[in-house]
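Examining the three-dimensional arrangement
Below are the chains, spelled out letter by letter.
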Amino acid sequence: MQPFIQIFGLAISAAPAAVWLGAVVAIWLAGRTAAWRGLDGRVLGDALTVAGFGALLGARLGYVALHASVYVRDPLAALALSTSALDGAIGALAGVGVLAWRLRRAGMLRWAAADALAPPALVLAMGLALASYFDGAVFGAVAEVPWAVAVWGAARHPVQFYEMAGLLIILAAAVVLRKRALPDGALALGAVLAYGLLRLIVDGFRADEAALLAGLRASQIVAAISAALAAWGLGAADHR
Amino acid sequence: MNRNAWRVLSALILAGGLGWAYATRPQSGAAAPAVASTRVGAPAPEIALPMLSGETRTLADLRGQVVILNFWATWCGPCRAEMPALAEIQTQYASRGVIVIGVNQREDAGSIRRYLDSIGVDFPIALDPTGESNRQYRVLGLPTTYLIDRQGLIRDAVFGGPMARALIESKLAPLLEP
């Protein structure tokens, strides 16, 4: 767990590197999937790149804002090259916000763009799952299955690899379905539905101390609601 | 499918999903294995630290204090760069029960002393001539820093550096709350 690499004196841990790799592949893929819906791949790829930087900036500003009392005494520390001073949730919100803003400016804020962004989003989710494995904070329940991995002193369900395998299947389904005459938004909503179900199932094999809501894992509740809303949306898209 | 079929499917997903979430809900006490490891939330692996000053300290001796365990070496640039920040933290927070311990990686005491004298850093330095602490804490690169709370649990880890003083303080703050 938690290996990291040093490049020119800059320490980069494997988890952020996995996120970066996922983001780079997602941006590359967006340039190609845009054509599926007749969109300009360069514009979509650029929007995603800017959103990536927006996410990074948002994550750092979010972290600094949450710890303002210490950073106000040393504002230049906010510029430090460290992946430890990032707030992931605020970064994700900032990234989505910047992406929506860029797409709106380009006149592409519509369901067709969401369809084109679904495969890159699945690839990014793979990067995040790999990062989660490197990070070691999320781990599976103790298991006696042949494919169990040794994590924190026990053989456990490799939950991140379950997730990555599921994501690959969803991605393959998206590639197969891209040539079908689906209504705009169907591919994106289908991906949300499938990913929601995947997380719902996979998170049931986790054993880490997750955030709870009414005694249930918050991630599973969000996954169930997202999947249900996506199914509802698919019904609406089917009859537009 | 007609629209009603989609709505029924949506309701089934929600109900079935919440049912599965309930069936697989975390059981209290089962989530956190109490075995010592470098996992955040786990008890910190116990180590005996031969100090540069001559005595030997164990982490158990430091229970009740917040320990910043910094693995470093004189040849490591980011380690050297964060030394002043760690020294400042030791000076400012010692009265609040914080202790910084720099665990040097396999260097001889003479060269460590010469280096520390040259930069005027005086927080406690431990030696790890055999690399045992390194192995116990799965140090795969330098610097590596663990923050251990007053109960001896690992509460945060920073891999790589150099750490700015503000970063260390931001990680330290939750551990100082009563």
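For the structure, check the block above.
Worth saying up front: this structure is predicted, and the values here are computed from it rather than measured.

The subject of this paragraph is the overall build of chain B. When helices and strands are tallied, chain B shows five helices and seven strands. For chain B, the C-alpha radius of gyration of 22 Å lies well beyond 16 Å, the compact-globule estimate for 178 residues. By its C-alpha atoms, chain B is 80 × 35 × 30 Å across when sized along the principal axes. When each of the 178 residues of chain B is scored for burial, the buried share is 51%. For chain B, the proportion of contacts with a sequence separation of at least 24, taken over those separated by at least 6, is 68%. Accessible surface, chain B as shown: approximately 8,000 Å² in total, 55% of it carbon and sulfur. Once the 17 positive and 15 negative side-chain charges of chain B are each reduced to a mean point, those two points are 13 Å apart.

All names here are of chain B. If you check which residues of helix α3 (residues 109–119) are buried, you get Ile-112, Tyr-115 and Leu-116. One face of α3 carries all of its buried residues, which in axial projection span an arc of 95°. Residues Arg-114, Asp-117 and Ser-118 are exposed on α3 and point more than 90 degrees away from its buried face. Tucked inside the fold, the buried residues of α3 contact β3 (66–72), α2 (77–93), β4 (98–105) and β5 (125–128).

A separate point is the side chain of Lys-171 of chain B. By the element assignment, Lys-171 of chain B lies in helix α5 (residues 165–176). Within the local environment of Lys-171 of chain B, its side chain forms a polar contact with the backbone oxygen of Ser-84 of chain A, the two atoms lying 3.1 Å apart. Setting aside residues up to four positions removed in sequence, Lys-171 of chain B forms contacts with Tyr-63 and Ser-84 of chain A together with Leu-147, Asp-156 and Val-158 of chain B.

Residues and elements named next belong to chain A. Structurally, Asp-208 is set in the loop between α7 (186–202) and β5 (212–213). Using a relative accessible area of 4% as the deciding quantity, one classes Asp-208 as buried. A polar contact of 3.4 Å, which involves the side chain of Asp-208, links it to the backbone nitrogen of Phe-139. At a separation of 2.8 Å, a polar atom in the side chain of Asp-208 contacts the side chain of Arg-206.

With that settled, the discussion passes to the packing of aromatic side chains. Enumeration over the complete set of coordinates arrives at 10 aromatic pairs over all chains. Judged by centre distance (6.2 Å) and plane angle (55°), the rings of Tyr-133 of chain A and Phe-134 of chain A are tilted. You can call Tyr-133 of chain A buried: its relative accessible area is 19%. Summarising the aromatic geometry, the rings of Phe-205 of chain A and Trp-20 of chain B are spaced 6.3 Å apart at their centres and angled 55° between planes, so their arrangement reads as tilted. In this pair, Phe-205 of chain A sits in the loop between α7 and β5 while Trp-20 of chain B sits in helix α1 (residues 3–23), so the two residues belong to two different chains.

So, about the packing of helix α2 (residues 41–66) of chain A against helix α4 (residues 88–105) of chain A. Residue and element names in this part refer to chain A. It is the contact of α2 with α4, at a shortest axis distance of 7 Å, that shows an interaxial angle of 145°. For the pair α2 and α4, the sense of crossing is right-handed. Along the contact surface, α2 presents Leu-44, Ala-47, Leu-48, Val-50, Ala-51, Gly-54, Ala-55, Gly-58, Ala-59, Gly-62 and Leu-66, while α4 presents Ile-90, Gly-91, Ala-94, Gly-95, Val-98, Leu-99, Arg-102 and Leu-103. For the contact of α2 with α4, the class distribution of residues is 13 nonpolar, five polar and one charged.

What follows is about the packing of helix α5 (residues 111–135) of chain A against α7 of chain A. All names here are of chain A. At a minimum axis distance of 7 Å, the contact between α5 and α7 shows a crossing angle of 35°. Here Trp-111, Ala-114, Asp-115, Ala-118 and Ala-125 of α5 come into contact with α7, specifically with Ala-186, Leu-187, Ala-188, Leu-189, Ala-191 and Tyr-195. When its residues are assigned to classes, the contact of α5 with α7 shows 10 nonpolar, no polar and one charged.

All names here are of chain B. Taken as a whole and judged by the stated rule, the model has one disulfide over all chains. Note on cysteine connectivity: Cys-76 is disulfide-linked to Cys-79, with sulfurs 2.2 Å apart. Given an S-S torsion of about 80°, the disulfide between Cys-76 and Cys-79 has right-handed geometry.

Turning our attention to the interface of chain B and chain A. Each partner contributes residues to the interface: chain B has 43 residues there, and chain A has 48 residues. Taken together, the two surfaces of chain B and chain A that pack against each other cover about 3,700 Å², and 64% of this comes from carbon and sulfur. On the chain B side of the contact with chain A, Trp-6, Ile-13 and Phe-159 of chain B bury the most area, a combined 16% of that side's loss. Connecting chain B to chain A are one salt bridge. The closest approach of N and O atoms between Arg-73 of chain A and Glu-169 of chain B, which form a salt bridge, is 3.1 Å. At the boundary of chain B with chain A, the tally comes to six residue pairs in polar contact (both at pLDDT 80 or more). Those elements giving two or more residues to the side of chain B that touches chain A turn out to be α1, α2, β6 (144–148), β7 (154–159) and α5 of chain B. Looking at the side of chain B that touches chain A, the element that brings in the most residues is α1 of chain B, giving 12 residues. A breakdown of the residues in the side of chain B that touches chain A according to their chemical character gives 25 nonpolar, 11 polar and seven charged.

Rules and cut-offs
Residues numbered from 1 in each chain as written. Chains lettered and ligands numbered in written order. Predicted model: local features only at pLDDT ≥ 70, side-chain atom pairs only at ≥ 80, totals over all residues. Heavy atoms only, no water. Helix = DSSP H or I, 4+ residues; strand = E, 2+ residues; numbered from the N terminus. Rg over C-alpha atoms; globule rule 2.2 N^0.38 Å. Buried < 20%, exposed > 50% of the residue type's maximum accessible area, 1.4 Å probe, protein only. Contact = heavy atoms within 4.5 Å. Areas by Shrake-Rupley, 256 points an atom, 1.4 Å probe, with all protein chains shown as cover. Lys, Arg positive; Asp, Glu negative; His and termini not counted. Charge placed at Lys NZ, Arg CZ, Asp CG, Glu CD. Arc of directions from axis to C-beta. Polar contact = N/O pair within 3.5 Å; in protein donor to acceptor, adjacent residues only side chain to side chain. Phe/Tyr/Trp six-rings, centres within 6.5 Å; stacked < 30°, edge-to-face > 60°. Axes fitted to C-alpha atoms, helices over the stretch in contact; angles between N-to-C directions. Left-handed = near helix turned anticlockwise from the far one by under 90°. Nonpolar A, V, L, I, M, F, W, Y, C, P; charged D, E, K, R; others polar. Disulfide = S-S within 2.5 Å. Buried area = accessible area lost by both parts, 1.4 Å probe. Salt bridge = Lys/Arg side-chain N within 4 Å of Asp/Glu carboxyl O.

Purely spatial values, then, with no claim about function.
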